[in-house]
Structures are given as structure tokens and as C-alpha cells.
Amino acid sequence: MDRRASPGRLAAQGRARRPSLRRHVASGTITRVIPSLLERQIEKRPGKVRLKGRILFLTEDPELIKKQLAGWDLPWDTKNPANNPKLRDDISTDEITPAHYCFYFDRTLGEIPYVGLRCGDTLPIGRGDVKKGGFVCSVSGKRRGKGSSREQSPYAEMCAGIQVAIGENIERIYKQNCQNLGLLTSTSFSLIDRIRAGEEIALSEFTAGEDEITRQVIEYGGLFPFNVARMQGKVLLPPIKTAKHAMTLAEKILAAHMSSGTGTTGGATGVPARPAEQSSAVSDAHYVRPGDTGFTRVDLRFSHEYVTPMASIFYEQYVGKDVPVNDASSIRFFRDHLTFLDEVISEEKKKMGLLDLATQLKLKQEEFAKQQGIKLHGELTDRKGSEGICHSVMLETYALPGQVNVGSDSHTPHVGAIGCIAFGIGTTDVFNSWITKDVRVKVPESVKIVIRGKRQANVTAKDFILKILSLDYVRSGKALAKVMEYAGEAVEALSVDERATMTNMAAEIGGFTGIVAPDEKVVEFLMERRGLQRAEIEEMIAGLESDPNAEYAEVIELDAAQIAPMVATPGDPGNGKYIRELNTPVPIEIAYGGTCTAGKNEDMDMYASVLADALKQGKRVSKNVEFWIQFGSQETREYSKRKGYLEIFEQAGAHVIEPSCGACINAGPGVSTRPDQVVISAQNRNFPGRSGPGQLYLASPLTVAASAVAGYIVEYEPSNAKISPLRLVP
């Protein structure tokens, strides 16, 4: 393990030692301060930056990239952009650091950046190429860093020598991870000429337009040194003085959790914190509006085995191995991503030692959980599989309306289905939250997506979200970092499980989070799943709705009756089209139903209903198709067992798998193995290479199951209790 791994620039690391935890009383709450951090020497980074090195342009043309890697500098006309080659848009973190390379959590990641970058049918960048090329700046197009919240991506870029990432626009989590680590970002292409000329560039050019807190994080070289300076009273949080006004649901919840601006906040410094098991009521005294910045107290924090080890090493190195985390009772760990990895990892990757590295992730998380007394939802002891996927378990067991939850995964908004604010954070945010029990937030704008009317019987929440993802407003990046508030009769008619599909996939939109105002269906869900009392839940959700005249960045209205079953064609979740618009039948070899998005109770209802219909007609899963159904949690497995679904799945020829993220991250049965292999999946993403080299279509559980029986992509028509033929549009 390379102990030089750093969450940010530290002027002096200081030697961590076991402190006596000094207790302070502030604002009526007892909080802990770590003396060794109060004594740590912290300085700001220099006010001017001079970058000595080359610029790598990530173009759509793979040959231009290969020539740059070979030593040629691509000419770039900053004054006449139309003269330049087309840059790659939508570069996902899966392409920057493919999932299997995230088993590394040290500076070895510097050999990895962009090895998954696909330009046409080519992967032009090999292992070590960027580091050897002497590049200090990387340039790309729209929506840089979309997808997973993995901080390994900007960390890999940093370790390869990249000091500045430039893009036309940059996804929220990726950008915040860069800032937390000390990697500079910009949307100004005018910097290109100045970097090439070796000019000194004022640090203020990288902080321009940022809020006061983000500016200071950048100036201190990362989140951890900033937080140490915050504890030492060297930084000042801007006070939030927003006057009383109508607020959205998201603004109300954040208003109840945001710091006061006194310079002390969260568990580290004295803002009153609510117990994790309690919901946070909406404040009558505080108001926020988009653009207000501060630190929000978090009710629940969680991470999984892809992130916990790296975060724990940061914590042990910069805080101390024997220093207790802040409020272990409100932290959860999950072993949910790599449980079935050994079944699909290639021999080549095994020889590279990647399977062994993946095992080390598991062991490091177990060790840290035991040492810190943190609840770990781990592997099953009597059979292969996990207790459940983090998002599934958080919704079924922990999250409550009105809370703020954070997690080490971009799909953390899943629990917004019951009316709480939940968003993904990176490794540095995770480990800092173990110290402070708060996270940095700039109050986002909200987009209200109203789906009116009644949906067709074969249309699901997945079809709704695929339609939303196909809209120009989303595809152009206008929804980035905004709250997606779903409303309207068609949304209100959805169950909590189905609403979770929509809030979950706010991640694919690039949104800050997704949320639905809690109602009677949430009351019933919490009574049934948690055993809570009606009066208790109704008190929790009182006032958890947007004010009638609240302001939105955009209001999008859709007619549910006009939405038909959809697929997202290979390459991006935004490639949505109606199945009936496919010009030719699309034969499939693999159908996959599962993951956090489609491994819930109601998803199992859908798989079972289609397969039961097929059995009545004397049909089974097509002989040309492997159909995998994977539960999101043990609770969902037990639900399926009680309902008799396991027998239906077996009789119809589907393969049932214990809970795990699995195929969604190229780590379990259901992944493709050949570029020409066609897969239809109910998961959330189909970025290049994410689930194997094949052609991956996204669809609803109904469509996936129907297609598995038909052998090609079809709509399901429950009214006739049969699998419909593909209907071609003239």
C-alpha cells in the first residue's frame, strides 16, 4: 500500500496520535474536537499556478489521441472553436477508471486514467500512457465525469500528473471530488493558450464564480486541510441570511439542517445534531434559497467496499488509526458490490492480481468496521451473496422522511422516494464526514417534473425516467446539479418502490438528488416495512411538501398517456426511444433484472407477472437467452419466496441470484463477454464497457422479462396476457 495517497494538499501532515477527546458544549449539544487536528499546521496553496507540461485533448477521433500519446501536440484554436476537432462528450467515470481498476486504492491508479475511453469502436489509451506523456491538463466536451461517484477517477488523473481538468460543463460529484482532492477544474477554454505558454495563472481564475466555501476549499488545496482550518477558526462560513419566502421541499429539508454561518458547524463544531433514528422536522425559523452555501448536518452516512478502504486509509493517515469516528451509530458499511466477482472476472485480470485486490477491499472494510464499532451489512454466512445492496437496505430499514442522508454512491438519491434529501459523495467527503458529521452543500435549484394523467398498463417508472433522460433539457446538461422533484397524478399513483426507480436515476440525469413529497403511500410503506405507528409517521411528514408558489429553475410537464414502453439504446441512458420505433427486431442473448434500480419487491412482481403469463401460454425463457434475476436485498428475496415467485422463476427458466450489485458494475452473472453480444437490462446505466463489452439496452422489468421470453426486444401487453410481437413504425 502506498501511504502517500492524499486527500488534498497538506502543508504539514503532522503525526497523528491517539488523542483524549476533548468535549465542547455549544448550542446545547456536546460535540468532540480532536486536539491533534487543532495543532496541525495548515497553509493555503500559492496564489498563482504555473503548469509545466502538455495538454491532452480527449477527441472523438482515436487517431488524434494516439498521436498525442506518441508526443505530438494537437493544435487548438481558442479564438475559432469551430476549426477544432470534436471533443468527446459524456465521458463517464467508468471510462476514466473502469470498475475493475478501482480495486486499487493507492497511487497505482496513476497508470489507469482514460483506459476505458471509447472513441468509436476504439480504446486509444493504454495503461500508463497518460503518465508517460507528461500531461498536466486534460480537455473534454460536455458533461465531463458523469456517472459513478468514484473518487478514484480524479485521483487517478492527479496521480498521472493531471493538475487541471477542463470541460464545457462538469458533473457535480466529479467536480466536487476534484476540489476535495486539490485537482483544479475549469470550463474556460481560454486557459489552453496560457497553459501552453507556461504563464502564471492566478488561482482566483479557478475560484471565479464559486461560492465562498468552495473558494476556500480550493485555496487550501482540498477538503481535509480546509476542515482542519475550519476547526482552528481560520476560515469563516458565510452566514445564511435568507429572508422568509416560499420554499421547495428540498429547500425546506436543507434549511432544517444547514449551518448557521457562525464558523462552527456539524458534529465537529457545535450545530445541534439530531439522532440518526429521528426524522428532522422542517424549521420555522430558517430559510434558504439556491446559491446559499454551508455545511449540512447528516442523519445517516454510508459507504461500500469500493470506497470504505480508501476513506479509512485517509482517516488513519491524517486523523489517526485509534481515533474514534464521530457518532459510529449513524454510519453504515456495505459489502454489496463485488460478492460475485470471482464468477465473471477474466483469467487475465486474475493474473494481474485484481481478484486478490478486491478481496483486500473486503478485508480492510471489515477491519475498520470492527475497530470503529460500525454496523456492517456484509456477506451471507450460509450461501454466496450479500445482505443487500446499500440503497435497497437504506430504503427498507433506515432512511426516514425529512432526513439528510449521504452515501459513497451516485445512486444514493434512491431513498428520496420517501421524502428525504439523499445524495452521493466521494471518498474525501466520506472520510471528512466521519470527523465532522456534516458535508459541504450549495443549495441547488430544483426542477419540477410533473407527469399528469394515467399511465398505460405496460408502462412503468423506468419508462418515465428513460423518457425524462431523453429530453433535450437533460441531454444538454441543463439539469446538472439540480434537484429533480417528481410530481403529478401519474407519480402519485406509483408505489414507493417505483418512485425509488425515479429518484435513484436522478444520478443518470446528473442531478443533485431526486425526491417525491411523502404521502399516504409513504405512511403505508413505513408501517408495513418498519412497523412504525401511523401517528408517528404522519408527524414526520407534516409540512414536507413544496410551497404552492415555490420557485423552480424549470417546470417540465409530461402526459403519462403519451408515454409507451421505452429502451435506452447502447452507450448512454439518455439514448431513449420507444420500442415501437426500433426499425428492426433486436435479438438478445442476455436479459438481466436486478440491481438497486430493479431488484425491489415491485420489480419482482413485474418479472413474476410476465413469466406467469408466459407459463400459462406454455412458454418459457427463450432457448437463445439467459435470463438472470437478482434480488436487491434479503428482504426482497424473502418477499419473493412468500409470494411463490421463486417457483415461477425456476419453472420459466430464469436464473435467480442472491443480492449484489453484480452485472451492473461488471462484477456478476449477466455481464456480456463479446462486443457483438446484445443484452437487455433493467439496471440504471449502459455506459461503454460498464457491464462488459457487449451492446446493452436499458428497459423496464416488464420489457426485460417479456424480451427474455420472446428472444428479442418487445413490449409486454398484459391486457391480452401474452407477449406481443414487435410492432414496427411505418
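Only a predicted model underlies this, so the values are computations on that prediction, with no experimental measurement involved.

1. Side note on the overall build of the chain
No. 1: Tallying secondary structure elements over the chain gives 29 helices and 28 strands in all.
No. 2: Here the chain has a C-alpha radius of gyration of 25 Å; the compact-globule value for 730 residues is 27 Å, and the two agree.
No. 3: Projected onto its principal axes, the C-alpha coordinates of the chain cover approximately 75 × 65 × 50 Å.
No. 4: Counting only residues that meet the buried cut, the chain has 64% of its 730 residues in that class.
No. 5: Considering only contacts within the chain whose residues lie at least 6 apart along the sequence, 76% involve residues at least 24 apart.

2. A closer look at the side chain of glutamate 396
No. 1: For glutamate 396, the position within the fold is in helix α16 (residues 390-398).
No. 2: One buried charged residue, glutamate 396, forms no salt bridge at all, with the nearest opposite charge on arginine 529 at 4.2 Å.
No. 3: At a separation of 2.8 Å, a polar atom in the side chain of glutamate 396 contacts the side chain of serine 633.
No. 4: A polar contact of 3.4 Å, which involves the side chain of glutamate 396, links it to the side chain of threonine 636.

3. What about helix α21 (residues 496-504)?
No. 1: Burial analysis of α21 places 9 of its 9 residues in the buried class, the great majority of the element.
No. 2: Taken together, the buried positions of α21 are Val496, Asp497, Glu498, Arg499, Ala500, Thr501, Met502, Thr503 and Asn504.

4. Topic: empty space enclosed by the protein
No. 1: Overall, the coordinates contain 7 cavities of 30 Å³ or more when judged by the stated rule.
No. 2: His304, His337, Asp409, Ile665 and Arg690 are, among the 24 residues lining the largest cavity, the residues nearest its centre.
No. 3: Here the lining of the largest cavity is built from residues that sort into 9 nonpolar, 11 polar and 4 charged.
No. 4: Of the voids in this model, the second largest cavity is the one considered here, and its volume is about 120 Å³.
No. 5: Around the second largest cavity sit 16 residues that line it, and Glu171, Ile173, Ala507, Gly510 and Gly511 are the ones nearest its centre.
No. 6: Contributing elements (two or more residues each) for the lining of the second largest cavity: α6 (172-181) and α22 (506-509).
No. 7: Take the lining of the second largest cavity: its biggest share by element is 3 residues, from α6.
No. 8: Its residues assigned to classes, the lining of the second largest cavity shows 6 nonpolar, 7 polar and 3 charged.

5. Overview of the sheet that holds strand β7 (residues 184-186)
No. 1: Spatially, 4 strands are ordered β4-β5-β6-β7 in an open sheet, and the strand pairing comes out parallel. Edge positions in the sheet fall to β4 (54-57) and β7, since each of these pairs with one other strand and no more. The average angle at which neighbouring strand axes cross in this sheet is 25°, direction not considered.
No. 2: Two strands pair when backbone bridges link them, and strand β6 (residues 164-166) and β7 are joined in this way by 3 bridges, in the parallel orientation. Opposite isoleucine 166, over in β7, you have serine 186 as the bridge partner.

6. As for the confidence of the model for the chain
No. 1: When the pLDDT values of the chain are averaged, the result is 90; 90% of them are 70 or greater.
No. 2: Taken together, the stretch residues 1-31 has pLDDT below 50 and engages in 89 contacts with residues farther than four places along the chain or on a different chain.

7. Quick look at the packing of aromatic side chains
No. 1: Counted under the stated rule, the structure contains 17 aromatic pairs.
No. 2: Both rings, one in phenylalanine 57 and one in tryptophan 76, keep their centres 4.5 Å apart while their planes meet at 15°; by these two values the pair is stacked. Placement of phenylalanine 57 in strand β4 and of tryptophan 76 in the loop between α2 (62-69) and α3 (93-96) is noted, with a sequence separation of 19 residues between them.
No. 3: Between phenylalanine 224 and phenylalanine 431, the ring centres sit 5.4 Å apart and the planes meet at 40°, which makes this aromatic pair tilted. Residue phenylalanine 224 is located in helix α10 (residues 223-231), and its partner phenylalanine 431 is located in helix α17 (residues 427-436); the two are separated by 207 residues in the primary sequence.

What counts, and where the lines are drawn
- Residues numbered from 1 in each chain as written.
- Predicted model: local features only at pLDDT ≥ 70, side-chain atom pairs only at ≥ 80, totals over all residues.
- Heavy atoms only, no water.
- Helix = DSSP H or I, 4+ residues; strand = E, 2+ residues; numbered from the N terminus.
- Rg over C-alpha atoms; globule rule 2.2 N^0.38 Å.
- Buried < 20%, exposed > 50% of the residue type's maximum accessible area, 1.4 Å probe, protein only.
- Contact = heavy atoms within 4.5 Å.
- Lys, Arg positive; Asp, Glu negative; His and termini not counted.
- Salt bridge = Lys/Arg side-chain N within 4 Å of Asp/Glu carboxyl O.
- Polar contact = N/O pair within 3.5 Å; in protein donor to acceptor, adjacent residues only side chain to side chain.
- 1 Å grid on protein atoms, 1.4 Å probe; cavity = no way out; pocket = protein on both sides within 12 Å on 5 of 7 lines; lining within 4 Å.
- Points joined across faces, edges and corners; volume = space filled by probe spheres on them.
- Nonpolar A, V, L, I, M, F, W, Y, C, P; charged D, E, K, R; others polar.
- Pairing = 2+ DSSP bridges.
- Axes fitted to C-alpha atoms, helices over the stretch in contact; angles between N-to-C directions.
- pLDDT = per-residue confidence, 0-100.
- Phe/Tyr/Trp six-rings, centres within 6.5 Å; stacked < 30°, edge-to-face > 60°.

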